[in-house]
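Spelled out from the first residue to the last, the chains are:
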Amino acid sequence: MAEEESSIDQTQELQRIGNGHLPDQPSLHVMVPDKIVYTHTRLVTLSPARLRERRVIAALEEGPLTEAYKILRTQVMLRMRENGWNLLGITSPGPGAGNTLTAANLAVSLALEVRQTVLLVDANLRNPAVHQLFGIAESPGLVDHLLDQKPVEDLLVHPGLPRLVLLPAGRAVRSPSELLTSPRMLSLISELKHRYASRIVIFDLPPLLPTDDVLALSPYIDAMLLVIESGRTQTEEIVQSLRLLKGVPILGTVLNKG
C-alpha cells in the first residue's frame, strides 16, 4: 500500500507541475510508408535468445510486459500524431532506471505498426548500450558522424525487424554535451525530423540529473518520456527533473521494474 500511495503522490505531483501528462484526442491523419528496401543500411541478424535474455521482448512473445509496451506505444503515438511530433527523447532522473530498455522495446513495438518507420538513436555518448541490448557488436556510430564526418548512411544498422533502423553511438566520449549541441548534431536532427514524414525517431538519452547532456539536447527534441525506477526514484528527483525540463513537453512517465 505504501508503494501504491507513493505512486499516486508522484502522479499528483507530476500533474501539478504540468508539462502535459496525459494524451487527449488523437489525430487520425497518418501516412503509410512505401515498402522499404534497405539497400545501403548494414543488416545484422539478431539472436532471439539474446533478446529474451536482455528483455527486449516486444517483438518476440505475448505477455503482460509486451502488452504494457503496446499500451505505451499507443499512448505515445496518440500524443505524437496529435502534435505533429516525430522526435522523442527517453531519459530518467538517475542511472539504472531502465531507459535504454524502455527505448529499445518501445522502438520495436512502434516498428510493428505498418504506418511508420522507427529510427532508434543511441544518444548516450558517455555509456552507449543500445548495441549491447540488441546483441550487436560495437561499431562506428553517432560520435563518428559528429567527430569524423562519416556519413550517417554508412553507420545505420538494420536489425532485421521490419521498419526499424538503429544508429549506434559508436565510441564513448567524456564530454558529450558539446557534441550534442554542435552544428553538425543540430543539422542531423533537422534532417531526421524532416526527411521522412512517417518516421519516429527515438533518442536513448543518459540520465538527466547527473550531467548536462539531456538539458543540452532537450530544446531540439519534440517531447520527452521520463522513466522512473519503482522503489528507488525519489519524488524529489522527479520534481527536480520536471523543473529542469520546464518548457519541454513531457509525454508521461514509465514506471519501470514494478
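For the structure, see preceding data.
Worth saying up front: this structure is predicted, and the values here are computed from it rather than measured.

S.K.: Teacher, can you tell me more about empty space enclosed by the protein here?
M.R.: Gaps left between atoms show up when a probe the size of a water molecule is rolled over them. Per the stated rule, a full pass over the model turns up one cavity of 30 Å³ or more. Of the voids in this model, the largest cavity is the one considered here, and its volume is about 40 Å³. Considering the residues around the largest cavity, the lining is formed by L51, V56, A58, A59, L60, V108, F134 and L161. Considering only residue class, the lining of the largest cavity consists of eight nonpolar, no polar and no charged.

S.K.: Hey, could you run me through the nonpolar core in this one?
M.R.: For soluble globular proteins, the rule of thumb is that nonpolar side chains tend to be buried together. Within the largest apolar cluster, 38 residues are counted, with the highest numbers of intra-cluster contacts made by L88, L106, L120, F134, I202 and L225. Of all the elements, helix α4 (residues 99-112) adds the most residues to this core, at eight residues. Excluding anything up to four places from it in sequence, L225 contacts L72, V76, L88, G89, I90, T91, L106, L251, G252 and V254. Counting 36 residues, the second largest nonpolar core, distinct from the first, contains L87, L125, V143 and L155.

S.K.: For this particular structure, what's the right way to read the pattern of salt bridges?
M.R.: The final tally for this structure, using the stated rule, is 13 salt bridges. Two residues, D144 and R171, come together in a salt bridge whose shortest N-O distance is 2.9 Å. Pair noted here: D144 is in helix α6 (residues 142-148) and R171 is in the loop between β5 (164-167) and α7 (176-180), with a separation of 27 residues, a long-range link. Given the relative accessible area of 7%, D144 is considered buried. Owing to a relative accessible area of 34%, R171 belongs among the partly exposed residues under this scheme. Residues D222 and K193 are paired through a salt bridge, measuring 2.8 Å at the closest nitrogen-oxygen approach.

Cut-offs and rules
- Residues numbered from 1 in each chain as written.
- Predicted model: local features only at pLDDT ≥ 70, side-chain atom pairs only at ≥ 80, totals over all residues.
- Heavy atoms only, no water.
- 1 Å grid on protein atoms, 1.4 Å probe; cavity = no way out; pocket = protein on both sides within 12 Å on 5 of 7 lines; lining within 4 Å.
- Points joined across faces, edges and corners; volume = space filled by probe spheres on them.
- Nonpolar A, V, L, I, M, F, W, Y, C, P; charged D, E, K, R; others polar.
- Core = buried A, V, L, I, M, F, W, Y, C linked by side-chain atoms within 4.5 Å.
- Buried < 20%, exposed > 50% of the residue type's maximum accessible area, 1.4 Å probe, protein only.
- Helix = DSSP H or I, 4+ residues; strand = E, 2+ residues; numbered from the N terminus.
- Contact = heavy atoms within 4.5 Å.
- Salt bridge = Lys/Arg side-chain N within 4 Å of Asp/Glu carboxyl O.

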